[in-house]
Amino acid sequence: MWVKPEEVLLANALWVTERANPYFVLQRRKGYGGGGLTGLLVGTLDTVMDSKTPPYRILHQTPASEISYSVSVANNRAEIHKDWEWIEQNMMETLGSFENEEDATEFVKCKIESMFTHEHKTGEVDEEVENYKTSTRKFMKLFNMPKEEKLVNQYSCSLWKNNIPRQGWMYLSVNHLCFYSFLMGKEAKVIIRWTDITKLEKGNNMLFPESIKVSTREGEFVFSMLLRSSETFRLMEQLANMAMKQLMQEGGFEEDKSIVDRTKKRTPKRMSSIKRDLDARARSDAFRSAFCLPLDEKLDGDTDCVLWTPFNKQHVWGRLYLSSNYICFASRVDIVEQSMVTSQRQVRKRKVRREHPIINSQVRDLVIVVIPLREVVLVEKVDNAASGELGTDSLVVTTKGKHNFIFSQLPVREFILQKLSDFLSRVEEPSDKSPSRQNSTCEPESSAPDEIQFQPALVSVFHRRNSDELSARETIKEHLWNVHFSEFGRGVCMYRTHKTQELILQGLPEKFRGEIWMLFSGAINEMATNKGYYRNLVEQSLGKYTLASDEIERDLHRSLPEHPAFQSDLGISALRRVLTAYAWRNPTIGYCQAMNIVTSVLLLYVSEEEAFWLLTSICERLLPDYYNTKVVGALIDQNVFKDLINENLPALHQKLEDLGLLSMISLSWFLTIFLSVMPFNCAVSIMDCFFYDGARVIFQVALTILDNKQEELLEAKEEGEAMTVLSSYLENITNKDSTMPHIAHTSSMCGSLAEKKEPSVDVAVLIDDSYRKYGHISNQDIDKLRLKYRLQVVQHIEDSTKKNVLRSVQTHTLFKGKELDDLFILFKEEYLTSCYWRTSQQPADMGDKFDPSRPYYEMYKIDFEQFKTMYLSLSPWASGPRAGHLALRTFKFLDDNKDNMINFKEFVYVLGVVCKGDITQKLKLLYLLHQLSPHELEDMASPSSASPVSTKTESPESAVEAADFFDSDASSVDALQDEIVLPGDPVEEDGETQEESQDTQSKEELPSTELIPDQDNNKKADSQGAEGGGSQNVGGGPSGDVGLDILPKPEEEVTAEKEAELQESLKKMYAKKRELNRSDSKAEFKDVPRMSQAQFIDMWRTLYDMFTDNEYEQQLYHSIATVGTLLLEMGEVGKKFYLQKSVSESSTGENSSTKMESLSEDVEQLKMEESKDPSNSTENQTKEDSSSSQSELSQLDESSAAGARSSYSKPDSDWSISFEQMVASVLTEQPLVTYFEKQCDMSEAVAKMRNRRLITRQSSHFPEKKK
């Protein structure tokens, strides 16, 4: 790459000159190839400092000057040589004509500058972007990663090993945590999958300052000396958390293509698109959580501003947040006095107390506003002169409800106005009137006679009350809320202040409960933007059977059975429709038992459709992952609850741990939001606060309950006594303000109340105590703890899953113990790799991998390409050019259901037979593999279906800028990896090409998985025969002494010899057959079909390849030639016993004689062809003898192949042999018996495959073993 000429004073410092001429020198940086102490020091320094200095450069220099000028730099030898050759061809002749060296230097500078300008005419090169590309290339080459693996960021740090720090660089990618160190010629590599991490901890002590501890099942890694430890830990935590979600949901990472447009003005160019993506995700998650917005909403931008609050006629300083569908505001300071807000300068000078943008809801004078753009009718600027006291740079947002929201002190008002205009232009108008909900107790929706009639709030049907019947307290509550609505607004655009929370803590009036739930949970927004969605779901799921249908039907009559609404078909039908519709919407969750209890209470206070959207909010946003098959979210929160107890009630924590009570109480409390453990008219008051303040309310109330009963729990002697204490307390909680008639509640935790009557506790007092004692716990604290414990919970589930899978397959495989465990880990890793890098599409039914009705071993499945990779790496049969073909046969043999996927049980079954089976089992497997019909293999091997997976197109992953980083070069990923030279790489010779180095590297990788055409095998067989200088007849005896000179003998003599040899071989075979019959192995031969001649020839070709590179290769070749010849002749002689047609015995004998004659003619023709090969005449006689057995099989294959091509010698359709004959024949040859009886240990092969990315680039270096 040409560079602008710059002065270089010390041309030879740290550089080695490789080429030179009178005007230029080509230099290589020390440490990048070569040895010596200086090279080691420079290489170490460049690695530790992450020097971006290219390892090659060209300098211009003249003999009379001590100053040199850099003219070209490159990351590899090929690129610098290209520039050097251009200089020699285009500049040297011109430079020779200059008499003055200064003129020559000026010419060079001018020429190189023009070359540089021409190279970069498309725009100025951004140094930070180039540095990031260099880091990505280095990462891919160091760790042998494919181009699909995206580097997020890298950090300088030290890895502690044996109490010694190794300084290097930590590379964080989407799926891996990697570390690389190069110190004084020694390499250290660590590659950890995020899915293998069980714990992430941040520490700061004297020994490990600013350290991060990463724990896996196999060991611990401590990284310290991080310059930005907080940022690093936060990113690691985010990536690990994302990996845990992938483990549960099987999703791969997909970039957000719109992030570049949303963040390019705020983000430095040096940040990768992946890092920007992750940061934007974190911000969007916090944004949605703060304002209870739908899951698909993404934060577009935010800025400081001032909001005018008409209810107190003051300005509030805060932050404005914009997304494509919402305008949101959250105050960050106390209310600013109106007199102080006279100019922007005074506002900036005023010292204010700023809070985090996600506010603790107890901060007084808090103001939150959420304005859906669907409600906005006008956005306009307010002129500074006309705005007066309203502030400068103002925007006025007018809603359909005729409310004006005035935002002032906007630093980029024009830009915000343009953004809002663009968003408003894309907002779709709802087809019917605004969904603003004023009264949830309406009559049932009118519909056509054939349509489903949805129910209103069931309390309006089964518990109607006139205004005269309301209690005084209920009337006062309604009046207070009406006053609040008139002052702060009503509906989704209302001002939300601390007064709103005070009213909610006092309890919601029954009249407004459903409306408030919908508003503050955010469900109103999802329902408004999905008109008719619920009705469509109900119609689609009507009469359809799903996995959840039976469970829903079983639990319908257990849902709040004490309430009259669910003693009638009206309430039961509504509950069935809501639960079935949600299971249809989200089959991953489907149905969980606690959902029926929660939904039944929702149906009391909101309409049927609103209940559906409230349930959606609970399952997907407010309590994420609570209701999936493994209740992962509830288990995570159980650990969060333990942590909070330990922090706030340390004395009680140890007691509950000893009793084993925490896991029992937390799940039942959290999954049903206390509805199953206390009277539901009390639990709904907790739900009032839950929908307003989120999940932290559940933890606050649970801690308060334990705090109130702490003394009795500490005195409890056993688990049952402690459960009785808690059950009695919860059963006696009352609600003095409830308008519901008192209904006896049956707790799921105990069958009857304790004999000792507990004093009643009002639920309002309980809630008030929870806010006073534990109101400091915020949702942000909960989210941080969830991140911490998600690793632990998910890995515990994965460990349990592994145990169940291994237990379910142990009777179906010959592997045991550690070998089976290692194979499962490898199988799972390869499966997850396909999810990470989208190397294959998983079948549609993989979403319900935790379905309890499916066998455990069905959880992970792999396609043919993944199977082939593992088979070629692990199977002892995977040698020779036909190994890929044998892998294909094995895959089709296992794929009984024809879904082009195999599960773990099938994988370990076949590998167990190959590695651990006895000789009969192995031969039977090999025999059956070659019974497959040709069209099955053709379907798999054809180019149009090279990968037998779903034909779904891959979803696009790369963001715009990511494409620039990773896909800008047209070269392949190998070329990209070889584009950069790293410290410690060996020095290439000038004549050495990149292709040669790639060939060398490919030999160190996994065996090739390409299928070799049959003609390639024929060529190989020819070469084997040529090496021998001569080939034996297919009928040669075991000694191998009979050569091709027997061919000219008369037919009668040949036939007589054949019969004599056949008689001798048959005696041996029948002896083995009798031995087999005496054993208990008859079941091995039962129902095994006979093998045709074409199948037999194909199987013998496979055997030939299986013995390649075996230490007893020659003996094995000799044995299979002998056995193959014997079986071929047996099939000819035995045809008369199995022919299903009327043929005379004499004609059968004639056909047999003709067949043998044709085979002999084929062999003679092959000999004549080989004799024409000039290499034959130079072969050594010793080599002829050593290769004679190879030639036997070669002639067998060639004669058979030639016979298949000849019209007179096609495979005989009447020819066949039995499996019993094959086994008996093989047992006569000791080399074959020894080969097939040998058992293989898989541990080493599995470890080698798992650690294949840890191969160091220098043979003299010792890699640091993972863990």
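Residues numbered from 1 in each chain as written. Predicted model: local features only at pLDDT ≥ 70, side-chain atom pairs only at ≥ 80, totals over all residues. Heavy atoms only, no water.

**Student:** Please set out the overall build of the protein residue by residue, giving values where relevant.
**Tutor:** On a plain count of helices and strands, the protein comes out with 51 helices and 26 strands. Counting across all 1267 residues of the protein, residues that qualify as buried make up 56%. Sequence separation of 24 or more characterises 72% of the internal contacts of the protein that already satisfy a separation of 6 or more. (Helix = DSSP H or I, 4+ residues; strand = E, 2+ residues; numbered from the N terminus. Buried < 20%, exposed > 50% of the residue type's maximum accessible area, 1.4 Å probe, protein only. Contact = heavy atoms within 4.5 Å.)

**Student:** Break down the sheet that holds strand β17 (residues 376-382) for me, citing the residues and quoting the values.
**Tutor:** Strand order in this open sheet of 8 strands is β17-β18-β19-β13-β14-β15-β16-β20, and the pairing throughout is antiparallel. Only two strands of the sheet have a single neighbouring strand rather than two, namely β17 and β20 (496-497). Note that strand β13 (residues 299-309) and strand β19 (residues 404-408) share 2 bridges and pair antiparallel. Paired with L307 across the bridge in β19 is F407. (Pairing = 2+ DSSP bridges.)

**Student:** Quick rundown of the side chain of S229? Include the residues and the values.
**Tutor:** Tracing the backbone shows S229 in helix α6 (residues 229-249). Given a relative accessible area of 5%, S229 falls into the buried group. Apart from the residues within four sequence positions on either side, S229 is in contact with K202, E210 and I212.

**Student:** So, the environment of I919: which residues are in play, and what are the values?
**Tutor:** On the secondary structure map, I919 appears in helix α35 (residues 919-929). Residues I919 and L1232, spaced 313 residues apart in sequence, show a C-alpha to C-alpha distance of 9.3 Å. Once you skip the residues sitting within four places of it in the chain, I919 turns out to touch V1226, L1227, V1233, F1236 and E1237.

**Student:** Mind laying out the environment of K861, listing which residues take part and the relevant values?
**Tutor:** The residue K861 is located in strand β23 (residues 861-862) in this model. Judged by relative accessible area, K861 falls into the buried class, the value being 5%. Distance from K861 to K905, taken between C-alpha atoms, is 9.8 Å for residues 44 residues apart in sequence. A polar contact of 3.3 Å, which involves the side chain of K861, links it to the side chain of D899. (Polar contact = N/O pair within 3.5 Å; in protein donor to acceptor, adjacent residues only side chain to side chain.)

**Student:** With reference to specific residues and values, describe the packing of helix α22 (residues 632-648) against helix α26 (residues 696-708).
**Tutor:** Running from N to C, α22 and α26 cross one another at 50 degrees; their axes reach a closest spacing of 11 Å. Relative to α26, the element α22 lies oblique. Seen from above, α22 lies across α26 with right-handed handedness. The segment α22 lies against α26, with D637, V640, F641, L644, I645 and N648 engaging F699, A702, L703 and L706. (Axes fitted to C-alpha atoms, helices over the stretch in contact; angles between N-to-C directions. Parallel < 35°, antiparallel > 145°, perpendicular 65-115°, else oblique. Left-handed = near helix turned anticlockwise from the far one by under 90°.)

**Student:** Describe in detail the sheet that holds strand β5 (residues 68-74), supporting the description with residues and values.
**Tutor:** Strands sit in the order β1-β5-β4-β3-β2 across an open sheet of 5 strands; the sheet is antiparallel. Either end of the sheet is taken by a strand with one partner, and the two such strands are β1 (2-8) and β2 (15-20). Pairwise comparison of adjacent strand axes, ignoring direction, gives a mean angle of 30 degrees for this sheet. Note: β2 against strand β3 (residues 24-29), 5 bridges, orientation antiparallel. For W15, the partnering residue across the bridge sits in β3 and is R29.

**Student:** Go over the packing of helix α15 (residues 510-521) against helix α25 (residues 680-693) with me, naming the residues and quoting the values.
**Tutor:** Their axes nearest at 8 Å, the elements α15 and α25 cross at an angle of 30 degrees. If you check the angle between α15 and α25, you find them roughly parallel. Contact residues: R513, W517, F520 and S521 in α15; V684, S685, M687, D688, F691 and Y692 in α25. Taken together, the residues that form the contact of α15 with α25 break down as 6 nonpolar, 2 polar and 2 charged. (Nonpolar A, V, L, I, M, F, W, Y, C, P; charged D, E, K, R; others polar.)

**Student:** Residues and numbers for the packing of aromatic side chains, please.
**Tutor:** Considering all chains together, one arrives at 45 aromatic pairs under this definition. Measuring from ring centre to ring centre gives 5.4 Å for F690 and F691, while their planes differ by 55 degrees; the resulting arrangement is tilted. Here F690 matches F691 in class, with each residue buried. Among the aromatic residues, those joined into a ring-pair cluster are F824, F827, Y831, Y860, F864, F867, Y871, F891, F904 and F907. Taking NZ or CZ as reference, R57 lies 4.0 Å from the ring centre of W15, over its face. If you follow R513 out to its NZ or CZ, it ends over the ring of Y605, 5.1 Å from the centre. (Phe/Tyr/Trp six-rings, centres within 6.5 Å; stacked < 30°, edge-to-face > 60°. Lys NZ or Arg CZ within 6 Å of the ring centre and 35° of its normal.)

**Student:** Account for unusual backbone geometry, with residues named and values stated.
**Tutor:** Backbone geometry at D625 places phi at a positive 65 degrees, although glycine is not the residue there. For D1109, which is not glycine, the phi dihedral falls at a positive 65 degrees. Mapped onto the elements, D1109 comes out in the loop between α43 (1093-1106) and α44 (1113-1133).

**Student:** An account of the pattern of salt bridges is requested, with residue identities and associated values reported.
**Tutor:** Per the counting criterion, the structure on display carries 42 salt bridges. Note that D693 and R696 form a salt bridge whose closest N and O atoms lie 3.4 Å from each other. We note a salt bridge from K861 to E858, for which the minimum N-O separation is 3.1 Å. Pair check on accessibility: K861 and E858 agree, each one buried. Taken together, the shared-partner salt bridges in this structure form one network comprising R193, E218, E829 and R1250. (Salt bridge = Lys/Arg side-chain N within 4 Å of Asp/Glu carboxyl O.)

**Student:** A description of the nonpolar core should follow, citing residues and the corresponding values.
**Tutor:** Note that soluble globular proteins tend to have their nonpolar side chains buried in a common cluster. Residues F407, L602, Y627, W669 and L706 are the most contacted members of the largest nonpolar core, which totals 261 residues. Dropping the residues within four chain positions of it, L706 is found in contact with F641, I645, L649, L652, L656, I665, W669, L713 and L726. F24, L26, W84 and M115 belong to the second-largest nonpolar core, a separate cluster that totals 19 residues. (Core = buried A, V, L, I, M, F, W, Y, C linked by side-chain atoms within 4.5 Å.)

**Student:** An account of a negative patch on the surface is requested, with residue identities and associated values reported.
**Tutor:** Among the surface-exposed residues, E711, E715, E718, E719 and E721 lie close enough to one another that they form a single negatively charged patch. Breaking the negative patch down by element, the ones donating at least two residues are α27 (710-715) and α28 (719-731). (Patch = residues over 30% accessible without salt bridge, like charges linked within 9 Å, V, L, I, M, F, W, Y side chains within 5 Å. Areas by Shrake-Rupley, 256 points an atom, 1.4 Å probe, with all protein chains shown as cover. Lys, Arg positive; Asp, Glu negative; His and termini not counted. Charge placed at Lys NZ, Arg CZ, Asp CG, Glu CD.)

**Student:** Before we move on, could you go through the pairing of strand β7 (residues 164-173) and cite the residues and values that matter?
**Tutor:** In terms of residue burial, β7 counts as a mostly covered element, since 8 of its 10 residues are buried. Relative to strand β8 (residues 176-183), β7 runs antiparallel, the two being bridged by 4 bridges. Its bridge partner being in β8, Y171 is matched across the sheet by C178. Connecting the antiparallel pair β7 and β8 is a turn made up of 2 residues.

**Student:** So what about α15? Which residues, and what values?
**Tutor:** Over its 12 residues, α15 runs 17 Å from end to end, which matches the ideal 16 Å to within 8%, given 1.5 Å per residue. Looking one or two places after α15, you find G522, whose phi comes out positive at around 85 degrees. (Expected span 1.5 Å × (residues − 1).)

**Student:** Account for the environment of T398, naming residues and giving values.
**Tutor:** Turning to its location among the elements, T398 is positioned in strand β18 (residues 394-399). As for T398 and E375, which are separated by 23 residues in sequence, their C-alpha atoms are 8.5 Å apart. In this structure the side chain of T398 is engaged in a polar contact, spanning 2.9 Å, whose partner is the side chain of N404.

**Student:** Help me get a handle on helix α49 (residues 1219-1226), residues and values and all.
**Tutor:** The buried count for α49 comes to 8 of 8 residues, which makes it a mostly enclosed element. Of all the positions in α49, only F1219, E1220, Q1221, M1222, V1223, A1224, S1225 and V1226 are classed as buried.

**Student:** I'd love a proper account of the confidence of the model for the protein, names of residues and values included.
**Tutor:** Mean pLDDT over the protein: 74, with 67% of residues reaching 70 or higher. In the predicted structure, residues 843-848 sits below a pLDDT of 50 and forms 10 contacts with residues beyond four places in sequence or in another chain. A low-confidence stretch, residues 989-1051 stays under pLDDT 50, and its non-local contacts, those more than four residues away or across chains, total 112 contacts. (pLDDT = per-residue confidence, 0-100.)

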